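Working through the structure, step by step
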Amino acid sequence: MIELNEIRKTYPNFSMNLSMTVNEGCITGLVGKNGAGKSTLIKLLLGLIRPESGSITVLGKDRVSKVEKQDIGVSMAEACFQGELKIGAVRKILKKMYRNFDESLFEKKCREFGLMENRKVKELSTGMRAKLRVLIAVTHGAKLLILDEPTAGLDVEARNEILDMLREYMEVDEARSILITSHIATDLEGLCDDIYLIHEGRILLHEDVATLMEEYGVLKVSEADYENLEKDHILATQKEPYGYACFTGERRFYEENYPKLAVEKGGVDAMILMMTGGYR
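So, here is what we can say about the structure in this document. The written sequence of each chain sets the order in which its residues are numbered from 1. With the structure being a predicted model, the display of local features is reserved for residues of pLDDT at least 70 and the display and counting of side-chain atom pairs for 80 or more, all residues being used for whole-chain, interface and lining totals. To get the side-chain values, take all heavy atoms of the structure and skip hydrogens and water.

1. Remarks on helix α10 (residues 268-276)
- For every residue, the accessible area obtained with a 1.4 Å probe (protein chains only) is divided by the maximum for its type, and the residue is called buried under 20%, exposed over 50%, and partly exposed between those limits. The helix count covers DSSP runs of H or I at least four residues long, the strand count covers runs of E at least two residues long, and both are numbered beginning at the N terminus. Among the nine residues that make up α10, seven are buried, leaving the element largely enclosed by the rest of the structure.
- With its phi angle positive at about 85°, glycine 277 sits one or two positions after the end of α10.

See the structure below:
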């Protein structure tokens, strides 16, 4: 669905150099700290900026502009229809834009979310605008969704409604795919098939979510024990007051061979913090 091959993009204080893939039928998460390069990558995919070298393929095309608008759905933070438009007007515009626009689904979800036809976009709460952005992306039968922080700043109920909408979208056609960025680990852990960690414009780690949750972990090791620790399976180490925190993709190895060590299960947050130097 998406393939980036040795993409390079340079700014005065930032450079990107990476490769990654979003496979058919998969929900792929992209995580990283603020300034890691997530938004730059999304802009590259959407053709809003151009790479200096490398290749980008979206749905088999070398430019997103060549992809039929019917086949891609996009939700960008704070990007929506003009504030003066009413929800009813948005529905009419979408019906004209997309030949496969599912008007009945749009109306059904609007009722569920309380998006009344006579409400102006500018009158909507943050949560309602977020739901509308994702609803716009999913209701024309797109093959691929590109979603930038679709649940940012929302309460648990609103986030769950959006995540359920994405699950329903995937259930309709097993060949569909999603690329989603988020700062909320639990959203991605319960939704994604695989995760890319980006930091300073580079991919530090790519892993299946199931493997990340089951096999990765953080070891809490005293300085004395660290000296004798098998380090071949350690991906990142950070100095701590008690000794060292060590991130590993072989948690069970250490549980079995070092039974006295304190071992915490891994996850998206642990991966980000340990691999980018922010664990505490």
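2. Remarks on the pairing of strand β2 (residues 14-22)
- Of the two faces of β2, only one is covered, namely that formed by Phe14, Met16, Leu18, Met20 and Val22; the face formed by Ser15, Asn17, Ser19 and Thr21 stays uncovered.
- Strand pairing follows a simple DSSP-based rule, namely that at least 2 bridges must link the two strands. Bridge count between strand β1 (residues 2-11) and β2: eight bridges; the pairing is antiparallel. By the bridge assignment for β2, lysine 9 is matched with methionine 16.
- Count of turn residues in the β1/β2 antiparallel hairpin: two residues.

3. Notes on the nonpolar core
- Note on terminology: a nonpolar core comprises buried Ala, Val, Leu, Ile, Met, Phe, Trp, Tyr and Cys residues joined through side-chain atoms within 4.5 Å. In terms of nonpolar packing, the biggest core is built from 54 residues, with Phe106, Leu145, Leu166, Ile178, Ile180, Phe247 and Met271 touching the most fellow members.
- If you tally residues by element for this core, the top one is helix α4 (residues 126-138), at eight residues.
- Aside from chain neighbours lying at most four places away, what touches methionine 271 is Val31, Ile195, Leu197, Leu205, Leu212 and Phe247.
- If you look at the next biggest cluster of nonpolar residues, it comprises 27 residues, including Ile2, Val22, Leu46 and Tyr196. Whether two residues are in contact is decided by their heavy atoms: any pair within 4.5 Å suffices.

4. So, the environment of asparagine 160
- As for its placement among the helices and strands, asparagine 160 is situated in helix α5 (residues 156-172).
- With relative accessibility at 38%, the residue asparagine 160 sits in the partly exposed group.
- Sequence separation of asparagine 160 and glutamate 3 is 157 residues, and the distance between their C-alpha atoms is 29 Å.

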